[in-house]
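Here's the letter readout for the chains.
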Amino acid sequence: FFVWFFLVVDMLTVSIKQEGFLCPLILHKVKPDSIHAAFAGESQARNRYTFAAGLARRKNLYVLESVFTFTADQERAHAKVFYNLLEQVSGQNLQVDGTYPVELFPDILDHLRSAQHNEYQEWDHDYAGFPRPPRRRVPGDCPHFSMIAGIEKTHGDRFGKFAELLEQDKLFVSDVQVKWMCLNCGQIIRRTMAPAVCPVCKHPQGYFIRWEMAPFE
């Protein structure tokens, strides 16, 4: 599920070690503890989203479980990128001084809105101090800092869209006829409301997602 993303992430990770992306001077531009704090932040985000995915499953909202799991896997990939940048200090113990959210909400909507806020915080504030690439890239630049910040903006938008649908009781209902796709079997149905049960695989409504928000066509 969502295999295409891991191919992109692997390419990004490999590119860090290729010419022009090796970043040999990165620890002269950014302190190792700052990079490690970013690694810790991405790692914690991954775990928070994994926990939220479990809550969504218990509430029979498989579509939201998939959203949180999908994003959690991307946060894991971000953590890997930052962790690889610490190769020069491998074997050392680094102290991390930072603030990280605690989100033990009983309601899945609170998790969506909090995740949206945290992703925008990363995009607009947390990564603002990391080096930005110049207009013309030269060896030693590290454009992946701003690239990951941009991905966090996408995460925030994603969580916000699903939160808005849930708030308006439109997660499985539309004002006009739209295509719905079952995330289990791929069945596509055009109507104003996702079916209570998939006619093909018999999975419940919680597996349906709007066609335009599905990961694949």
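What comes next concerns the included structure. (Residues numbered from 1 in each chain as written. Predicted model: local features only at pLDDT ≥ 70, side-chain atom pairs only at ≥ 80, totals over all residues. Heavy atoms only, no water.)

### Considering the overall build of the protein
Point 1. Along the backbone of the protein there are 6 helices and 3 strands.
Point 2. Reading the secondary structure of the protein in the N-to-C direction produces α-α-α-α-α-α-β-β-β.
Point 3. The proportion of buried residues among the 217 residues of the protein is 44%.
Point 4. Long-range pairs, those at least 24 residues apart, make up 70% of the contacts in the protein with a sequence separation of at least 6.
Point 5. In the form shown here, the protein has an accessible surface area of approximately 12,100 Å², with 53% of it arising from carbon and sulfur atoms. (Helix = DSSP H or I, 4+ residues; strand = E, 2+ residues; numbered from the N terminus. Buried < 20%, exposed > 50% of the residue type's maximum accessible area, 1.4 Å probe, protein only. Contact = heavy atoms within 4.5 Å. Areas by Shrake-Rupley, 256 points an atom, 1.4 Å probe, with all protein chains shown as cover.)

### Some remarks on the pairing of strand β1 (residues 173-182)
Point 1. As paired strands, β1 and strand β2 (residues 188-193) are joined by 5 bridges and run antiparallel to one another. When the bridges of β2 are listed, V173 appears paired with M193. (Pairing = 2+ DSSP bridges.)

### Some points on the side chain of S174
Point 1. Tracing the sequence through the fold places S174 in strand β1.
Point 2. Setting aside residues no more than four positions away along its own chain, S174 makes contact with W180, T192 and R210.

### A word on the packing of aromatic side chains
Point 1. Taken as a whole and judged by the stated rule, the model has 7 aromatic pairs.
Point 2. Measuring from ring centre to ring centre gives 5.6 Å for F82 and Y127, while their planes differ by 35 degrees; the resulting arrangement is tilted. With a gap of 45 residues between them, F82 in helix α4 (residues 62-84) and Y127 in the loop between α5 (108-126) and α6 (144-167) connect regions that are remote in the sequence. The residues F82 and Y127 share a single accessibility class, namely buried.
Point 3. An aromatic cluster is defined as three or more aromatic residues linked by ring pairs; in this entry it consists of Y49, F68 and F159.
Point 4. Between K153 and the ring centre of W123, over which it is positioned, the NZ or CZ distance is 5.4 Å. (Phe/Tyr/Trp six-rings, centres within 6.5 Å; stacked < 30°, edge-to-face > 60°. Lys NZ or Arg CZ within 6 Å of the ring centre and 35° of its normal.)

### Considerations on the nonpolar core
Point 1. Among the nonpolar cores identified, the biggest contains 35 residues, and V63, L64, F68, F162 and L171 are the most heavily contacted of them.
Point 2. Within the residue set of this core, elements represented by two or more residues are α3 (32-58), α4, α5, α6, β1 and β3 (208-210).
Point 3. Once residues lying within four places of it in the same chain are set aside, the contact partners of F162 are V63, L64, V67, L112, L171, I209 and M213.
Point 4. Formed by 11 residues, the second largest nonpolar core is a distinct cluster that contains A38, V81, L85 and L86. (Core = buried A, V, L, I, M, F, W, Y, C linked by side-chain atoms within 4.5 Å.)

### Side note on the sheet that holds β2
Point 1. Strands sit in the order β2-β1-β3 across an open sheet of 3 strands; the sheet is antiparallel. In this open sheet, the two edge strands, each paired with only one partner strand, are β2 and β3. Each neighbouring strand pair of the sheet contributes to a mean axis angle of 40 degrees, computed without reference to strand direction. (Axes fitted to C-alpha atoms, helices over the stretch in contact; angles between N-to-C directions.)

### Thoughts on the environment of A72
Point 1. Counting through the fold element by element, A72 comes out in helix α4.
Point 2. Sequence separation between A72 and A53 is 19 residues; the distance between their C-alpha atoms is 9.1 Å.
Point 3. Excluding residues within four positions of it along the chain, A72 makes contact with R46, Y49 and T50.

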